[in-house]
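The residues making up each chain are set out below.
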Amino acid sequence: MRRRLTSLGLLAFLGLGTMAFAQVTGVVNDGNNFPESDVEVTVKGTDKVAYTDENGNFNIDAKVGDTLVINGKEFKVTSTNLGAIKYAEDADLKEVVVLGYGLTSTKPKSMAASTTVSSEVLANRPSATFLNSLQGAAPGISINSASGSPGSGKINVRIRGLSSLAANTDPLYVIDGLISSGSQFRNLNSNDIETVSVLRDAQGTAIYGNRGANGVVVITTKSGKYNSGLLVNYDVLTSFNLIPKTDYNLASSKELLTIHKISGIGAGASMTDDQIANYSTNTDWGKEFLKVAASQQHNIGLKFGGENVTVYSSAGYLEAAGNIKSTDFKRFTFRNNVTGRSSNGRFNYSSQVAIGYSKRNQLDQETNSGIDNNVVQNPLFGTLLSPATLAKYSFVNGRDMYNQIGSNTSGRSAWILSDIINGGIKNRFTETSIIANVNGNYKLTDWLSVGNRTGVDYRNHERLFARTPNGYLSVNVAASQNAQFGGNEDITNTKDFTFSSVSNITFDKQFGDHSLTVAAYLDYLKAHYQTSTQRVNGLDPLNWSFGSGDGYVPFNPATPNIYQRTATADKLNAGTLAYFGTLDYDYAGKYGLSGVVRRDGSYRFSKENRWETFWSVAGRWNIDQEEFLKGTSVRMLKLRASYGTTGNQNLLITADNLNPLFVGANFYKTLNNTVTGYSNLPGYNLIQIENPNLKWEKSVQANIGLDFSLFNGLVDGNVDVYDKRTERMFSSLALSATNGTYTLRGNNGEMSNKGIEVGLKFNIVNKEDFKFDVFANYAYNKNKIESMDNQDLSSDNVNAVGDVAFQWHLYKYVGVNQQTGEQQFLDKDGNITEEPTSADRQLTGKSYYAPVQGGFGFNLDYKGFYASTLFSFQTGGWSYDNFYSWLMDPSTAAAYNGSADLLNGWTSTNTNSNTPAITATNIGVEGSSDRFLYKTDFLRLKNISVGYSFTKKQLQSLPVKNMRIFVSAENIVTWTDWKGYDPEPIQSYSLGVYPNPRSISLGFNVEF
């Protein structure tokens, strides 16, 4: 206000205020005729700027005949009071599409295949990461959580299918313009996120060059608004997490003993019918390993804005217990975002600082795939494979257990697993993260500006792992070594620091109906990685304390093979450099053309192949701007097309917590390892042979899309068709063993992904006190390996040229011989056999990657009451159910659990059964058949929320502005034929899955 008064005073002093200029006033409304605050209003051709207040009012220095530009739309000044201005045809059309590197666009002018997910979809959800909340919310992006452990990083994210067989396929994540070093975001508070934009085609991703081949997820956090008062928001969410049920029909103790008796093996083989009938132990191991888990989260945020500066600050706390004992997660986050501008509007700046600290206790299996199928070390087996005939774990600790049973663990693996979750193994991770960046842009002239964004991403991970001195595994191993003390403790510390800086110069000018934006960029990134691990063997139970350094048994040279200590360390520097240019042209809002050319260099490749060029071109035609559609009910009808290339330099799949830039850093070099050789002399071991010809994986993508808003906004949507091809696919090349190694890392083969994506929204009712809309999205992806030199068809799951990646290669199970009860299969010639061999396997065309995914739901708001739903689904995936195969094996049921379905197997009086006889002689040959291959199709009620928002009139006696209460449920119902806990994880074999829980939450939100 001070600047406007000064301007008026100056005009009055000069005697010009009433001659040429005036204060032009008006009210800006959105597409629904509701006032819009903080909307920018400018006078075309000048640097005069004003912003609407909370009631949509504005005033600005202008004269009759001037043109006002309101969020990109032009209005002629016909009087000094313009009244109500509806600046957008539809509220959705004003949506800002964030493309990255500071580039944004509006929905009508965007040429990218992108979807924006708003904060309403992500906030107040019980998950520790926003990624889980994206499932089903946007077409073309598949989200599959492989673990329900709180704070888990085992989340599979794919955009437009699987783009590689061996390299990393995670998308690139960009947070507030800063390229993130992570692939999981447990330390990012979902309530701080304003929007998430998913960029899918070359137009949206080519600007990221060597990082964009797998798609890009752009995250924008919240900010304050100019000329707004202080707003304080507090919300709390309390949740209760439940484990879903399985359909394995687990045997009771009496049923299991009956199976033993029929099969002739196991504890029940020698028992009489009366003894079985009177057997009293019937342990429910699900109750022993699982529990109802509670979680809570609290978030407080404040934002305010003056004429030239805004602030958003928040603090959040999350505490979640795991459904499996000994697992939990705690997190604290703090964020401060500042935006500002100079009084003349030429200089704009922003800064973001986010600090997060989290601590989680997890099962060892979460990050140690080596124990996936270990029945005495993976507690995820405990709920299903523990026999009901075994009594509950009743020991003080593992030492007490060893004193009573010694090393005799036959049939008692459940006790070992119980000891693990009761403290026999401890596995704790802490993570401290700091993400900070500062951005500035200065307009040298009205059409030329320069800018820079510089930021850091720092993460410190610490892992404490121990086989505790009183744990059964530690005591048992110590006894076998004749050692007094057992156990070991590992301390691993990893530091990851990434520095990035992007500078740009931008030309942006309008020539009548023509507008042209040309920009040049320099993108520099440097990353540093350091890790160290210490292991101590031998823990004294009298004074050992987890992570404290107490209780370590000193090394004794007299017993050199026990109580050894080891230490390892690693250090790596990495970096990339790129320079690129962008061009955007628009004619009268009707036609658009865009292009990107980017030159990338990476440390990962040899000098000969260090640099690569990526590019894209795109165009659009806003058909709704043609004369023949003006005045019709078509609000937007836009045809767009793009074609371009992107790269992937991350040549290995990245483990949880690790920056993908550091994995496979030296593939183009010959590597040796120092080892201890003959007579304890030092020697060298060949790890890999150099391949100076190693290059980026390269993706070439074409896309055609149609965006529309029809029938005066009744139907909004988009359709995209794409063809994406990965060239120079990274894999292992076969070598003769005479070279000292069997493989060479290199580029080998091509893969294609073709598909269609559809997003629809029906705005059925859109009144001030009653809104109702229905939405749906669908994506289909057809994956195909086009070529590959080293095709290997020797296993059950293979990559065959001309077919889908990771398809099943099995022989067909056709049922039971009705005469004998033996299993029957088809051999390679289509004949029935009871003795199949590996040569009888056939390609099935079935992969564990589902080609179809999507979601749908509705939003309802009526006089303060609201309800929303989100359903997610996937179809076409197939996984092998190990659990059911074990439960249906009578020989396995002798030591572990079994399914009561075995009792429905073939007998002389039940010859029509499709389950073989318990005594069948060819049990075990079904392992390479499709008998236990099941669809992972599912339809899930991902989220449902019901609540009430109190009106200002209802709250007038309270010092609050808004208040709402709500109840929500997550993963509450899943319709599927999958028998296990959860069909969602993408995996070939169900080797133990921490189930994704069902959650019921109660929430409260208040604004002051």
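Predicted, not measured: the structure shown is a model, and the values here were computed from it.

Criteria and thresholds
- Residues numbered from 1 in each chain as written.
- Predicted model: local features only at pLDDT ≥ 70, side-chain atom pairs only at ≥ 80, totals over all residues.
- Heavy atoms only, no water.
- Helix = DSSP H or I, 4+ residues; strand = E, 2+ residues; numbered from the N terminus.
- Rg over C-alpha atoms; globule rule 2.2 N^0.38 Å.
- Buried < 20%, exposed > 50% of the residue type's maximum accessible area, 1.4 Å probe, protein only.
- Core = buried A, V, L, I, M, F, W, Y, C linked by side-chain atoms within 4.5 Å.
- Contact = heavy atoms within 4.5 Å.
- Axes fitted to C-alpha atoms, helices over the stretch in contact; angles between N-to-C directions.
- Parallel < 35°, antiparallel > 145°, perpendicular 65-115°, else oblique.
- Left-handed = near helix turned anticlockwise from the far one by under 90°.
- Nonpolar A, V, L, I, M, F, W, Y, C, P; charged D, E, K, R; others polar.
- pLDDT = per-residue confidence, 0-100.

A look at the overall build of the protein
1) Next: Scanning the protein from N- to C-terminus turns up 12 helices and 50 strands.
2) Next: Rg of the C-alpha trace for the protein: 32 Å, near the compact-globule value of 30 Å for 1008 residues, within the 12% margin.
3) Next: The dimensions of the protein, computed from C-alpha atoms along their principal axes, are 110 × 65 × 65 Å.
4) Next: Put simply, the protein has 1008 residues, and 53% of those count as buried.

Things to note about the nonpolar core
1) Next: Judged by nonpolar contacts, the single largest core of 58 residues is most densely connected at Leu165, Ile324, Met401, Trp415, Ala805, Phe806 and Trp808.
2) Next: Of the residues forming this core, the biggest block, 6 residues, is contributed by helix H10 (residues 413-424).
3) Next: Grouped together as the second largest cluster of nonpolar side chains are 22 residues, Phe130, Leu134, Ile143 and Ile219 included.

Overview of the environment of Pro541
1) Next: Along the chain, the position of Pro541 falls in the loop between strand E25 (514-537) and strand E26 (565-587).
2) Next: With relative accessibility at 31%, the residue Pro541 sits in the partly exposed group.
3) Next: Sequence separation between Pro541 and Lys291 is 250 residues; the distance between their C-alpha atoms is 29 Å.
4) Next: Each residue touching Pro541, except ones within four places of it in the same chain, is listed here: Arg399, Pro469, Asn470 and Phe485.

Brief notes about the packing of helix H9 (residues 398-405) against helix H11 (residues 472-480)
1) Next: Taken N-terminus to C-terminus, the directions of H9 and H11 make an angle of 50°; their axes are 7 Å apart at the nearest point. By the angle between their axes, H9 is oblique relative to H11. Considering the relative orientation of H9 and H11, their crossing is right-handed. For the pair H9 and H11, the contacting residues are Gly398, Arg399, Met401, Tyr402 and Ile405 in the first and Tyr472, Val475, Asn476 and Ala479 in the second.
2) Next: Here the residues of the contact of H9 with H11 are counted per class, giving 6 nonpolar, 2 polar and 1 charged.

Re the confidence of the model for the protein
When pLDDT is low, close inspection of the predicted coordinates is not appropriate.
1) Next: Mean pLDDT over the protein works out to 89, with 93% of the residues at or above the 70 mark.
2) Next: When the elements of the protein are averaged for pLDDT, helix H1 (residues 2-14) gives the smallest value, 34, and strand E39 (residues 807-810) the largest, 97.
3) Next: Considering only residues more than four positions removed or in separate chains, one finds that residues 1-20, a stretch of pLDDT under 50, has 16 contacts.

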